[in-house]
Every structure is written in structure tokens, then in C-alpha cells.
Amino acid sequence: MRKVLAIETSCDETSVSIVSNSHDIYTIHSNIVASQIEDHSKWGGVVPELAARKHLELIPFVLEKALEESKISIEDIDAIASTVTPGLVGCLRVGSITARTLCNLYSKPFLGIHHLEGHLSSILFSKHYPKAPFLTLLVSGGHTELIKVGKRREMQRLGRSYDDAAGEAFDKVGRLLGLSYPGGPAIEKVAKKGNSSKFSLPKCKISDKDGGFLKYDFSFSGLKTAVLRLVEKINRNGDELPIPDIAASFERVVAEVLVERTIKCAIDNGLENIVVVGGVAANDTLRKMMIGEAYKKSIKVHLAPLSLCTDNAAMIGAAALFRLKFSAHESSLKLGISGRLPIDQANVLYEKNPPF
Ligand code: KG4
Ligand code: ZN
């Protein structure tokens, strides 16, 4: 059994987890997530400086609790991992320095993990995760990407959002409707009482410079503007805002766009399995629609466990265990952090001379 202690601090969750794998079975021994949602909600979004300071305050206690709950001593850990990219730089730095300090103190190997590889590794904790190659729809607050994952974790981005990420659109529309932060769960809750066919909202596409549209890419900022115009029109008429109907119509169109383009991408690329991960993957409408539509095309859908959709350190640990199993590569202790790195370049995190 190989054991990893993992740290995630890329945005507004301070998380430490102890995970292990034995053959193909991945186990969570502890996964402590200290959410900062309350600290940021009064600002309507994450305040980077505040988030970094909160990580510094919380990390000693979250680390202690994760070790205590796992009943595994740090001496018995095989490697220590932390998210090093992409994310808020001040936040990433807290996790990365904590991890590398522990590696130095206890003479353990260090693995810097790409946050999106972490999200897609959350699927390893589900009972029947697919064998590669498969298509991953990664939908979070910062990213909307379609990634083809190969047998050795070769990752190829086949589609992406050109503007807002799907989660960002949920957050912005939530704010527009006066709902609490984050917008995703708040919209999902009120949408349950609404009529999703009440308003017709646009499914925005990106034009191809050679004519037509890009088939696997996304745009959500136009949709957000369409909701804004709708709200303005209703307000101008002096009518009461039908928040549940707007929320339900918005949620439906986001789910339809994500499902249609993901399934098209899987079919065109001959991929029989779709994996859905990231914060927005917690959305029930999206989960049900993806399963239903993919079934019609004989494609299997694998959804991240609900509790592991939003940011957590267990998924970072799973990515590290997978890397150790298939490539036995560790990162240099000189590896720093970076606000951005495309997922298909994640291998550079294991080079002897790190890029940052
Ligand atoms: O993966 P995540 O925790 O953080 C990033 O890496 O960005 O995703 C957070 C995002 C937020 O935008 C939040 O509104 C969205 O995921 N989200 C949801 C739901 N739960 C979280 N969106 C739609 N429906 C949900 N149930
Ligand atoms: Zn995330």
C-alpha cells in the first residue's frame, strides 16, 4: 500500500488529505476541507489576498486534523504532494511551501500536482472508474475544458471556454439574481421550484476563422449578458423577478450546451467513456442529462463522487498516487508555483530542472 499526504490551497478551500492505493483501489483515510466561503461571500467572490492569509492561518490545524483522523503517522507516508498550478499565486504558495518543508524535515519525495489533473483524478475514488483513453469534461469555477486522457496520462485539450468558465457563469448569474455565493449551489436550489422552459436563452458558440463554428468549444459570457438583459427588461416593466424560472432556464441551457458538445466530441474522437469532474459536476441537472443523452449513443458516463466535485486535497493525492504508480517520477524541491499552465504541459512538473 502506498500512502500520500496531499495539500490543496489553490483557491478558497484549505484542504489536507491522506490517501492510499493498493493495486487499482484508491482509499481516502482523511480529507479535511476548511472552506472560506463565509469569509468571501460578503464580497460576492474570492478575494485573493484574503484567501492567501486565511490559508496561512488554517493550514497548521487542517494538517494536524487530517493526520489525526487518518491514524497514520507522517513517518509512514511515502510521498507528499501539493497543488502548484494553476490557481491564485499567493494561495498556491502556502500549500507548496508547507509540502516542501515537510518533505525536507521528513526526507520524503515531493510531487507538485496540476490542479486540473487533481480534478480528473477524483474519478479514481469511484467504484468503476474507466480505463483510458476517455474524455473528461472538467467544469469548475476557473475552467471548462474537454480533455482526452491517454493510458499514460497523456492529456490533450480538445475544447475549452473562450471566456467565462461554466462555474463562473453560475456565480455571476447568481449574483445578478441576488443569490448567495457561490452561485452554483444557490441557483440549483431555487431552480428546483422553477420552470426551465419559461425563458429561451442563447447557446453561444465560437466562430471558426475558416467559417462555421468551433464544435467543442464554449462561451458563457454572452449567456450571462442575455440573463442580465432579461432581468433589466423585467425590472423596467415593473414586474416581479421570477427568480426560480430564470435560474431553471439558465441551468438547463448550460447543461444542454455542456452535454451536447461533450457527447459530440466523444463520438468524433471514438471515445466510449466520458468522465465529468469539477465543482459544476455536482449539478444534478447536468449529471442526469449527461447520463441520459450519453446512454442514447451507447457512451458510458462516470461522474465524480458528489463530495469530491469541489476543491479538496484527496483528488490531489489521487493524482500523486497515479503518477507514482505509472511513472515513479517525483518533482524537484526547487519546483515553485505558477498561476497558469495548460494541462497538456503537466509533465514539466516532474523535470529535474523545473520551469518555475
Ligand atoms: O472545482 P471548484 O471547487 O473550484 C475551482 O477549481 O474553480 O468549483 C467551484 C465552482 C463554483 O463556480 C461553483 O458555483 C460551482 O463550482 N458549483 C456548482 C455547483 N456546486 C458548485 N455549479 C452548479 N451546480 C452546483 N451544484
Ligand atoms: Zn478546482
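Coordinates for the structure precede this section.
Thresholds applied
Residues numbered from 1 in each chain as written. Chains lettered and ligands numbered in written order. Predicted model: local features only at pLDDT ≥ 70, side-chain atom pairs only at ≥ 80, totals over all residues. Heavy atoms only, no water. Donors = N, O, S within 2.8 Å, 3.2 Å for Na, K, Ca; no water. Helix = DSSP H or I, 4+ residues; strand = E, 2+ residues; numbered from the N terminus. Buried < 20%, exposed > 50% of the residue type's maximum accessible area, 1.4 Å probe, protein only. Near = heavy atom within 4 Å. Polar contact = N/O pair within 3.5 Å; in protein donor to acceptor, adjacent residues only side chain to side chain. Areas by Shrake-Rupley, 256 points an atom, 1.4 Å probe, with all protein chains shown as cover. Nonpolar A, V, L, I, M, F, W, Y, C, P; charged D, E, K, R; others polar. Pairing = 2+ DSSP bridges. Axes fitted to C-alpha atoms, helices over the stretch in contact; angles between N-to-C directions. Contact = heavy atoms within 4.5 Å. Salt bridge = Lys/Arg side-chain N within 4 Å of Asp/Glu carboxyl O.

**A word on the coordination of the zinc ion (ligand 2)**
Here is step 1 of the chain: Only H115 (NE2), H119 (NE2) and D311 (OD) from the protein coordinate the zinc ion (ligand 2), and they sit 2.0 to 2.1 Å from it.
Here is step 2 of the chain: Donor residues for the zinc ion (ligand 2), ordered by position in the chain, follow H-x3-H-x191-D. Pair noted here: H115 and H119 are both in helix α4 (residues 115–121), with a separation of four residues, about one helical turn. The same class applies to H115 and to H119, which are both buried.

**A look at the site of ligand 1**
Here is step 1 of the chain: Close to ligand 1 lie 19 residues, the nearest being G141, D171, G184, E188 and D311.
Here is step 2 of the chain: Contact between ligand 1 and H115: an oxygen atom at 3.2 Å from a side-chain N or O atom of the residue.
Here is step 3 of the chain: D311 places a polar main-chain atom, nitrogen or oxygen, 2.9 Å from an oxygen atom of ligand 1.
Here is step 4 of the chain: Protein chains bury 89% of the 550 Å² of accessible surface belonging to ligand 1 in isolation.
Here is step 5 of the chain: Here the residues of the shell around ligand 1 sort into six nonpolar, ten polar and three charged.

**What about the sheet that holds strand β1 (residues 2–8)?**
Here is step 1 of the chain: Strand order across the open sheet formed by five strands is β3-β2-β1-β4-β5, with mixed pairing between neighbours. Edge positions in the sheet fall to β3 (25–35) and β5 (110–114), since each of these pairs with one other strand and no more. Taken pair by pair, the neighbouring strands of this sheet meet at an average axis angle of 20°, ignoring direction.
Here is step 2 of the chain: Here β1 pairs with strand β4 (residues 79–85) via four bridges, running parallel. Counterpart to A6 in the pairing with β4 is A81.
Here is step 3 of the chain: The sheet strands contacting helix α3 (residues 89–106) are β1, β4 and β5, and the helix crosses β4 at an angle near 155°.

**Some details on the pattern of salt bridges**
Here is step 1 of the chain: Applying the stated criterion across every chain yields a total of 18 salt bridges.
Here is step 2 of the chain: Between R323 and E117 there is a salt bridge; the shortest N-O distance is 2.9 Å. On the criterion of sequence distance, the pair formed by R323 in helix α10 (residues 313–326) and E117 in helix α4 is long-range, its members being 206 residues apart.
Here is step 3 of the chain: When its relative accessible area of 7% is taken as the criterion, R323 is described as buried.
Here is step 4 of the chain: Note that E232 is salt-bridged to R229, the shortest N-O span being 3.1 Å. Note that E232 and R229 are positioned in helix α7 (residues 221–236) at a spacing of three residues, about one turn of the helix.
Here is step 5 of the chain: Using a relative accessible area of 33% as the deciding quantity, one classes E232 as partly exposed.

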